[in-house]
Every structure is written in C-alpha cells, then in structure tokens.
Amino acid sequence: MGNHKKGLLKRYICMAAGFVLSLSLFAGCTKGSNQESETSLILGFSQIGSESAWRIGNTKDIEEQAEKYGINLMFENANQKQENQIAAIRRFIAYKVDVIAFSPIVEDGWDNVLTEAKDAGIPVILVDRDISTEKEGLTTCLIGADFYREGVMAGEYLIRKADALGLDHVNIVEITGTENSTPMRQRQAGFADAIANDSRMNILESIDGDFLKSRGAECMRYLLDEYGDDIDVIYSHNDEMTLGALPEIEKAGYAPGKDIIIISIDGGQEAIDVLKEGKINCVVECTPKLGKEVMETALKLKAGEAVEPLIHPSELVFSDEMDTSKIPERGY
Ligand code: GZL
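Residues numbered from 1 in each chain as written. Predicted model: local features only at pLDDT ≥ 70, side-chain atom pairs only at ≥ 80, totals over all residues. Heavy atoms only, no water.

Trainee: Even after reading the chapter, I still don't get the pattern of salt bridges, so can you show me in this structure?
Mentor: Oppositely charged side chains can pair when the atoms bearing their charge come close. Considering all chains together, one arrives at 23 salt bridges under this definition. Between arginine 55 and aspartate 128 there is a salt bridge; the shortest N-O distance is 3.0 Å. Taken together, the residues span a long stretch of sequence, with arginine 55 in helix 3 (residues 53–68) and aspartate 128 in the loop between strand 4 (124–127) and strand 5 (141–143) at a distance of 73 residues. Here arginine 55 and aspartate 128 have matching classes, each one buried. For the salt bridge of lysine 161 with aspartate 320, the shortest nitrogen-to-oxygen distance reads 2.8 Å. (Salt bridge = Lys/Arg side-chain N within 4 Å of Asp/Glu carboxyl O. Helix = DSSP H or I, 4+ residues; strand = E, 2+ residues; numbered from the N terminus. Buried < 20%, exposed > 50% of the residue type's maximum accessible area, 1.4 Å probe, protein only.)

Trainee: I tried to follow the nonpolar core on my own but got confused; where do I start?
Mentor: A general trend in soluble globular proteins is that nonpolar side chains are found buried together. Leu43, Ile125, Leu158, Ile172, Ile263 and Val294 are the most contacted members of the largest nonpolar core, which has 41 residues in total. No fewer than three residues from each of domain 1 (35–145 + 288–314) and domain 2 (147–286) sit in this core. Listed in part, the 27 residues of the second largest apolar core include Val173, Ile260, Val274 and Phe318. (Core = buried A, V, L, I, M, F, W, Y, C linked by side-chain atoms within 4.5 Å. Domains from an automatic or database assignment.)

Trainee: Sorry, what's going on with empty space enclosed by the protein here?
Mentor: One simple way to see leftover space: roll a probe sized like a water molecule over the atoms. Counted under the stated rule, the structure contains one cavity of 30 Å³ or more. Quantified by volume, the largest cavity comes out at close to 100 Å³. As for the largest cavity, its lining consists of 13 residues, of which Trp54, Arg55, Arg129, Arg187 and Asp266 are closest to the centre. Counting only elements with at least two residues in the lining of the largest cavity, the list comes to helix 3 and helix 7 (182–195). Broken down by class, the residue content of the lining of the largest cavity amounts to five nonpolar, two polar and six charged. Viewed by domain, the lining of the largest cavity spans two of them, domain 1 (35–145 + 288–314) and domain 2 (147–286), each represented by three or more residues. (1 Å grid on protein atoms, 1.4 Å probe; cavity = no way out; pocket = protein on both sides within 12 Å on 5 of 7 lines; lining within 4 Å. Points joined across faces, edges and corners; volume = space filled by probe spheres on them. Nonpolar A, V, L, I, M, F, W, Y, C, P; charged D, E, K, R; others polar.)

Trainee: What's the story with the packing of helix 3 against helix 11 (residues 291–302) in this structure? I'm lost.
Mentor: Packed helix pairs are specified by the crossing angle of their axes together with the interaxial distance, meaning the distance between the axes. Orientation of helix 3 relative to helix 11, taken along the N-to-C sense of each, is 45°, at an axis distance of 8 Å. What the angle tells us is that helix 3 and helix 11 run oblique. Our pair here, helix 3 against helix 11, has a crossing hand that is right-handed. Residue-level inspection shows Asp61, Ile62, Gln65 and Ala66 of helix 3 in contact with helix 11, the latter providing Gly291, Lys292, Val294 and Met295. Of the residues in the contact of helix 3 with helix 11, the class split is four nonpolar, two polar and two charged. (Axes fitted to C-alpha atoms, helices over the stretch in contact; angles between N-to-C directions. Parallel < 35°, antiparallel > 145°, perpendicular 65-115°, else oblique. Left-handed = near helix turned anticlockwise from the far one by under 90°. Contact = heavy atoms within 4.5 Å.)

Trainee: Where do I start with the sheet that holds strand 2 (residues 72–77) in this structure?
Mentor: In a beta sheet, neighbouring strands are held together by backbone hydrogen bonds and run either parallel or antiparallel to one another. Here six strands make up an open sheet; going across it, the order is 2-1-3-4-5-11 and the pairing parallel. Among the strands making up the open sheet, the edge pair consists of strand 2 and strand 11 (310–311). Here strand 4 runs beside strand 5; their pairing, made up of three bridges, is parallel. Pairing of leucine 126 across the sheet is with leucine 142, part of strand 5. Strand contacts of helix 4 (residues 82–95): strand 1 (42–47), strand 2 and strand 3 (99–102), with the helix running at about 170° to strand 1, the strand carrying the most contacts. (Pairing = 2+ DSSP bridges.)

Trainee: How should I be thinking about the sheet that holds strand 9 (residues 261–266) in this particular structure?
Mentor: Taken together, the six strands give an open sheet; going across it, the order is 7-6-8-9-10-12, and neighbouring strands pair in mixed fashion. On the outer flanks of this sheet lie strand 7 (201–208) and strand 12 (317–319), each paired with one strand and no other. Strand-to-strand twist across the sheet, computed as the mean angle between neighbouring axes with direction ignored, equals 15°. Strand contacts of helix 8 (residues 213–227): strand 6 (170–176), strand 7 and strand 8 (233–236), with the helix running at about 135° to strand 7, the strand carrying the most contacts.

Trainee: Would you mind going over the pairing of strand 9 with me for this structure?
Mentor: For a regular strand, side chains alternate in direction, first toward one face of the sheet and then toward the other. Most of strand 9 is tucked away, with six of its six residues classed as buried. Of the two faces of strand 9, the one carrying Ile261, Ile263 and Ile265 and the one carrying Ile262, Ser264 and Asp266 are both buried. As paired elements, strand 8 and strand 9 share three bridges and run parallel to each other. Each bridged residue has a counterpart across the sheet, and for valine 233 the counterpart in strand 9 is isoleucine 261.

Right under this line is the structure:
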C-alpha cells in the first residue's frame, strides 16, 4: 500500500477514535450516577456564552435545577457563536438525548438544525430567547422573560421621572443588546412604544453594545463625543453594558444618576448595588432563574404530556422611587 494510502488510513483511524472518545466524554459529562442514567432524562442544553452576570446566573440555575430534578445535563457553552450552538444541537441529536433546550443567540438561522431535531423525534425547548421561523412545530415552547414589557416598564419609569423633574425635553441615547436577538428587538420596541406619545421624548441615537461590558464602554465614549451635554438619559439593554458605560460618564465629568438619568435591565447584584449608591436610577428585573420551569417542562415532554407554549416569569422594577435599601440579595 502506498504511503499516501497508509497516511489516509492512519488519519481515518485517528478520526474514528476521536469520535468515539468525544461520545464517551459526553457520556462522562452528564450529571448524576450511571444507574440514574438508565431511568432519568438526558437533557442537552446549548447556552449562548458567559457574556454577563445574567448569563452566568442563568447557567448556575440550570445546573442546580438539573441536579435537583435528577436530570442528566449535557451542557455546552457556545462562547457567543451561533455556529457553536448549531454544532452542539447536532451532537445532542447524534447522542439521542431525550430533550434539547437552548437559548438562541439570535432569532434567525435555526430552521435546518431544528428540522433535524424534529426528524429525530427530539422535542426542543426555547429558553430565554425566541427564534423567528416560517416552519411549524420546530419547538415545543418558550420559557423566558417578556422583553417587550421590560422595555415598556423602562419607558414608563422615564415618563414618571421626567414629570417628577419637570423636564420639558428629554434627549435619550440607547445602548442596545445583541442585534437581532429577542431581548434587543423587544426591549427596543417596548421602550419606543411606551414613550411614543410623549412629545418631550427624543431618541438621539441607538447603538449596538452586544450585551458586553467592553462594548458598553466603547458605545458610551462615542455617544459622549457625539452628543455630550445634550444627553439627558441613557437607556441600556443590560446591566453589563451599563456598568461599562458608567466610568466613561464620570471620566467625561458627569455624575451618573444626577446629570444623566440611567435606566438598565437585568437586576443583577452589582447593578442593584450601584442603584443603591444613586448612580443608576432604574433597573428593570429580568430573572435568569428559569431552570425550574425548564426541568419540569422537559420531564413533561419525556412523559408525553402537554406543555405550556409560553412561560413568562413575573418581573419587578427597582428604582429611585422606592427605598432601595430594602431590595433583597439578588443571587446573580
Ligand atoms: C435576557 C438575556 C440577556 C440579558 C443579558 O433574558 O437574553 O442576555 O439581558 C444577556 O445580560 O446577555
């Protein structure tokens, strides 16, 4: 046999060994003891990444609840890449998990892989974010926040704040989350709709901060250079970007929460602490604690029971209108 053929054979043997090894690694990474794996459910979960305290809190809750419900969790972190989520879902299908759950980083581009899951008879739960598709029946349900309502609550707070301060015009800059993601689209729409009939309100510019702290700082530097003293309000789609923006506001000589009204979303401990200091005026809650509903829904799906198509957790608004010292520990 020529060297080329010997080389090819060696490469195929290595690839086959690698595939078997990766499957055995997946078997090893499921939670719970072996004897449980014969009886309890195997759930494949594709998480977006670790971009924020919210996301890290969501992952922690998913893992804790899987343990609590005795569910074998195959967890994959996509590190902010859609292609990694698609590859993870394909591995879950190959492994023949009982249920797939994932938080889609953006709304588009899922039809093919979700059709493969459907053809394999594996039900899919959407967690946190939604997808947009023309196809029916690719997913069973969505468990996640009402982002549109979060945007509305942010806008309604701003109207009350403008009334309280007697403002006759309000210039707003918006730092949005990941473009084409459900929270970005709906938080932007809800806020815009809430202030649409208030002639004082004027959005100077919306800019994509991708839910990242570093991008929040970059966006803030640009907006301060562009609009400086004209900025009355910053509406930021998540705490991470808000926390990135705050030092830039102070470096520019403005007192956040006083010279500029700061409105944020998520409600993690760090942002709540800054709210208590008076440097953020309003934090709309977006709970990352979705794990209980995910596990209960997965168990129902495995048992062939009907599930709720949409589960929205209840959410609060924390702001300088209340005694913020009474806000309990957030847990994320
Ligand atoms: C909201 C979630 C968002 C958070 C961000 O449910 O999708 O993604 O608001 C996170 O902190 O990055």
